[in-house]
Amino acid sequence: MRFESRVESVFYELSGSPEVNTNIPYIVAENFPLLGLLTSLRFLEWVSQNPDGVISLPTGKTPEYFIKWTQHILENWESENVVNLRTKYGLQDLKRPSLKDLHFVQIDEFYPISSRQHNSFHNYVEKYYVSGFGLDLDNALLINCDEIPLAGGRRYSEVFPDFQVDLSLRYREPKSQFEKIQQGSIFSIDNWCSEYEQRIRDKGGIGFFLGGIGPDGHIAFNVRGSDRYSTTRLTEVNFETQAVSAGDLGGIEVSRNRLVITIGLDTITHNPDAVALIFAAGEAKAGVVKEALEAKASVLRPASVLGNLERARFFLTTGAASALEASVDAFYDRGEWSQAKTDRAVIDLCSKLGKYGHHLTLEDLKADRHCRLIPDLSEDTVPGVIRSTKQKFERGMVTRKNEVFYHTGPHHDDIMLGINPLIQRLVRHETNTNYFSVLTSGFTAVTNGFVIRALEDARLFLDNGQMQMTAYSDFFESGYKYKRAKDVHHYLLKVASGEDYELRRGLAHRVVRDMVGLYGLESIAQLRGKIDHLLMILDGSYDGEINSPDVQKLKGMIREYEEELVWAHLGVETDKVHHLRLGFYTGEVFSDQPKLERDVEPVLEKLREIKPTVVSLAFDPEGSGPDTHYKVLQVIAQALRTWSEEEDLSDLRIWGYRNVWYRFHPAEANVICPVSLNAMSVMDSAFTNSYLSQVDASFPSYQHDGKFSDLTRRIWVEQLKQIQLLVGKNTFYESTRPQVRSTHGLLFFREMRLDEFLTTARELEKAMEGVVLS
């Protein structure tokens, strides 16, 4: 493959990427920061050739390293390290480009939203691009919802007081004078969008476009099904896009009803000479990347429209490229052959052909591009894979005794959604001890609306004399600290008796205890005053607004109470559920990196104190799931490294689990656990009755419009079907063992010795932080 860009040519050569045979050329960068470096250097190379060109850059978390690298390189252009970097990637003779004469085009925006809100894309653009890159605001085309004209010169808060825009008014008669005003405003917005489009085209179109790719394949807000000739418009989006936007807007309740203004697919491709780049990181994006690059161009794959541009490229991390045909071929071709490769090839063939394992023929194996590579291919190959898989299942049914388990989770509910059925079995044996640590406070998962309802309940019960604990003479001095375990026990008694009103009262009790300690309250009057003050603040906050540190802490305490409730279902004492609140977790767009003393020490202290024989942890691949998962994994890895220098940990085992964010391939897991209908029911009941702030699924997965427990159950069932296709359904229903016959789902995890885990963690670390900005 030949690239006219020097940066692209060098990166392509250094990456060792296979010959590109996809609809759109792509380049693989080894890790996330290197992806940012590649994108930054390509951008600066283009700017040097087009100093007054038209650029359109993305918002969100993916541009983090693109932004950081661009600022770092420009600020240190002649430093030794940056000169060496430029030389390495072919830009040694490039003069430092100026960005001040560039013309900027904002890609998209929610509607309606105030440009003054921190979670508006307008605010992001002004902060990170206009100010951060030194662009001239006069040269920028921005989408400012506060300035888009509406009927009669009204503001959007007057025309759309509930922030909902009914686009059916484009085509139907208004039913009232108010709807007539709304209809006229919608047409006014449409006219503004048309003018915005024309202003872009008057500039010659976009010369440099950089964007991410959504879970449905969208670029900008051009979701699946968008016309390839679409232009700037006010439009609705699909559930997948609403789900990934929920975090920005303060919950799915908001994003489900919020429209967007987006440039169109034809806006992006209008300039035939445009450099259009899509960058993607992590294995979670591998499927949608494969669809965009290898499947036939279609409105179902919006990014496929970029195939019309000669200079369109996909910049991908190794994980994001992992499902591409060339990457899969490389997986099988490189390195020594293993049983895991054989297992993967055969299991995938069962899925591709829709055949049970015992129906696969030797001819089927020989005809498959990957199975044919299996050494000593024979009639015994498939039975060998079946035996290998059944051995994993047997390991999953072993009764564990005399163990100390230390279960860790990045967020509240990660442990439950990962291995709850397994823990149900572990706690039944009284020789085992189970400890739990949630490493972050999880406050971003609690909506303002939930806290408002909890505070209103607390005030109600206080005013009705149903908060008797506050009447004790020592309550505000020290009493609030005690009987927290009793709070949990009494709450679960009310779950058992079905008294919903008392459940609300139980939560209110814990909220009051936490408020007294958090704010140093000394009387009922102060308590009432603080409740009223918090309600005033929260009622006056916009959806998705960053809360003050005290409100964040109160939200985190609510999540901590929920976690105690979950494990109390299984009889785990509250003092065995630890809340570490690591400092890197801030809720900012670009969160901090973990620090040794601040973040690793708390975990290390727990390891020294508990002395576990098994540590369980979230084990997601590079760039998949929230970045908190990766950061927590590195914190735990460093704590274990340090602990291993103090203790002999040769017998320590690490259990790596996954949940709703990413799944194990059966060939990757080495333990497969049965999940019964009873275990599913226990998990779902505990989730519903304990994770009170999550029952309404305000921040859902894009894969499921509902509770995470529902999605988890679906995943376990799908994993069972995957294994049934290999080993046969009769393996389960004809078994002589009740535990096997009652299996209606499967849970996968990977058991590792410490050295294996630390090696893997180090590889993941390289995949995320292999480049230092210096």
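A brief report on the enclosed structure follows. (Residues numbered from 1 in each chain as written. Predicted model: local features only at pLDDT ≥ 70, side-chain atom pairs only at ≥ 80, totals over all residues. Heavy atoms only, no water.)

## Some details on the pattern of salt bridges
Step number 1: Inspection of the entire model under this criterion finds 52 salt bridges.
Step number 2: We note a salt bridge from glutamate 560 to arginine 581, for which the minimum N-O separation is 2.7 Å. A residue pair is termed long-range when its members are at least 10 positions apart, and glutamate 560 in helix 21 (residues 549–568) and arginine 581 in the loop between strand 13 (577–579) and helix 22 (596–610) qualify at 21 residues.
Step number 3: Judged by relative accessible area, glutamate 560 falls into the buried class, the value being 6%.
Step number 4: Taken together, the salt bridges that share partners define one network made up of Glu8, Arg42, Glu45 and Arg313. (Salt bridge = Lys/Arg side-chain N within 4 Å of Asp/Glu carboxyl O. Helix = DSSP H or I, 4+ residues; strand = E, 2+ residues; numbered from the N terminus. Buried < 20%, exposed > 50% of the residue type's maximum accessible area, 1.4 Å probe, protein only.)

## Some thoughts on the nonpolar core
Step number 1: Membership of the largest hydrophobic core comes to 117 residues, with the highest contact counts inside it found for Phe43, Leu57, Tyr111, Tyr129, Leu306, Phe314 and Leu316.
Step number 2: Top contributing element to this core by residue count: helix 2 (residues 32–49), with 10 residues.
Step number 3: Once residues within four sequence positions are removed from consideration, leucine 316 is found in contact with Tyr26, Ile27, Val28, Ala29, Leu35, Ala280, Val289, Leu293, Ala321 and Leu324.
Step number 4: In terms of nonpolar packing, the next biggest core, distinct from the first, is built from 60 residues, Val385, Phe393, Phe443 and Ala761 among them. (Core = buried A, V, L, I, M, F, W, Y, C linked by side-chain atoms within 4.5 Å. Contact = heavy atoms within 4.5 Å.)

## Digging into helix 7 (residues 177–202)
Step number 1: In this model helix 7 runs 37 Å from its N-terminal to its C-terminal C-alpha over 26 residues, within 8% of the 38 Å that 1.5 Å per residue would give.
Step number 2: What helix 7 keeps buried is the set Glu179, Ile181, Gln182, Gln183, Ser185, Ile186, Ile189, Trp192, Cys193, Tyr196, Glu197 and Ile200.
Step number 3: Taken from the residues just after helix 7, glycine 204 is the one with a positive phi, measuring 95 degrees. (Expected span 1.5 Å × (residues − 1).)

## A word on the environment of arginine 369
Step number 1: Within the fold, arginine 369 resides in the loop between helix 14 (362–367) and helix 15 (381–396).
Step number 2: With a relative accessible area of 37%, arginine 369 lands in the partly exposed category.
Step number 3: Sequence-wise, arginine 369 and valine 717 are 348 residues apart; in three dimensions their C-alpha atoms are separated by 29 Å.
Step number 4: Leave out the neighbours within four places in its chain, and arginine 369 touches Glu325 and Asp329.
Step number 5: Here glutamate 325 takes part through its side chain, which lies 3.4 Å from a polar atom of the side chain of arginine 369.
Step number 6: Within the local environment of arginine 369, its side chain forms a polar contact with the side chain of aspartate 329, the two groups lying 2.5 Å apart. (Polar contact = N/O pair within 3.5 Å; in protein donor to acceptor, adjacent residues only side chain to side chain.)

## Describing empty space enclosed by the protein
Step number 1: Applying the stated criterion across every chain, the model contains three cavities of 30 Å³ or more.
Step number 2: Its volume calculated, the largest cavity comes out at about 100 Å³.
Step number 3: Around the largest cavity, the lining comprises 13 residues; the ones closest to its centre are Arg658, Asn659, Ile715, Trp716 and Gln719.
Step number 4: Residue assignment for the lining of the largest cavity shows that the elements contributing at least two residues are helix 16 (414–426), helix 25 (708–727) and strand 17 (743–753).
Step number 5: Top contributing element to the lining of the largest cavity by residue count: helix 25, with four residues.
Step number 6: Looking at the lining of the largest cavity, its residues break down into seven nonpolar, four polar and two charged. (1 Å grid on protein atoms, 1.4 Å probe; cavity = no way out; pocket = protein on both sides within 12 Å on 5 of 7 lines; lining within 4 Å. Points joined across faces, edges and corners; volume = space filled by probe spheres on them. Nonpolar A, V, L, I, M, F, W, Y, C, P; charged D, E, K, R; others polar.)

## Quick word on the packing of helix 22 against helix 23 (residues 627–644)
Step number 1: Look at helix 22 against helix 23: their axes get within 9 Å of each other, and the N-to-C directions meet at 60 degrees. In this view, helix 22 runs oblique relative to helix 23, as classed from their interaxial angle. In the crossing of helix 22 with helix 23, the sense of the turn from one axis to the other is right-handed. Contact residues: helix 22 offers Leu596, Asp599, Val600, Val603, Leu604, Leu607 and Arg608, while helix 23 offers Val635, Ile636, Gln638, Ala639, Leu640, Thr642 and Trp643.
Step number 2: When the residues that make up the contact of helix 22 with helix 23 are grouped by side-chain class, the tally is 10 nonpolar, two polar and two charged. (Axes fitted to C-alpha atoms, helices over the stretch in contact; angles between N-to-C directions. Parallel < 35°, antiparallel > 145°, perpendicular 65-115°, else oblique. Left-handed = near helix turned anticlockwise from the far one by under 90°.)

## Details of the sheet that holds strand 15 (residues 653–657)
Within a sheet, adjacent strands bond to each other through the backbone by hydrogen bonds, running parallel or antiparallel.
Step number 1: Strand order in this open sheet of seven strands is 13-12-11-14-15-17-16, and the pairing throughout is mixed. Two strands lie at the open edges of the sheet, namely strand 13 and strand 16 (671–676), each paired on one side alone. The average undirected angle you get between the axes of adjacent strands in this sheet is 25 degrees.
Step number 2: Bridge analysis of strand 14 (residues 614–618) against strand 15 gives five bridges, and the strand direction is parallel. When the sheet's bridge partners are listed, serine 616 is paired in strand 15 with tryptophan 655.
Step number 3: Contacting strand 11 (404–409), strand 12 (433–438), strand 13 and strand 14, helix 22 runs over the sheet at an angle of about 165 degrees to strand 11.
Step number 4: Against the sheet, helix 25 makes contact with strand 16 and strand 17, and its axis sits at roughly 85 degrees relative to strand 17, the strand it touches most. (Pairing = 2+ DSSP bridges.)

Shape is all these values report; function is a separate question.
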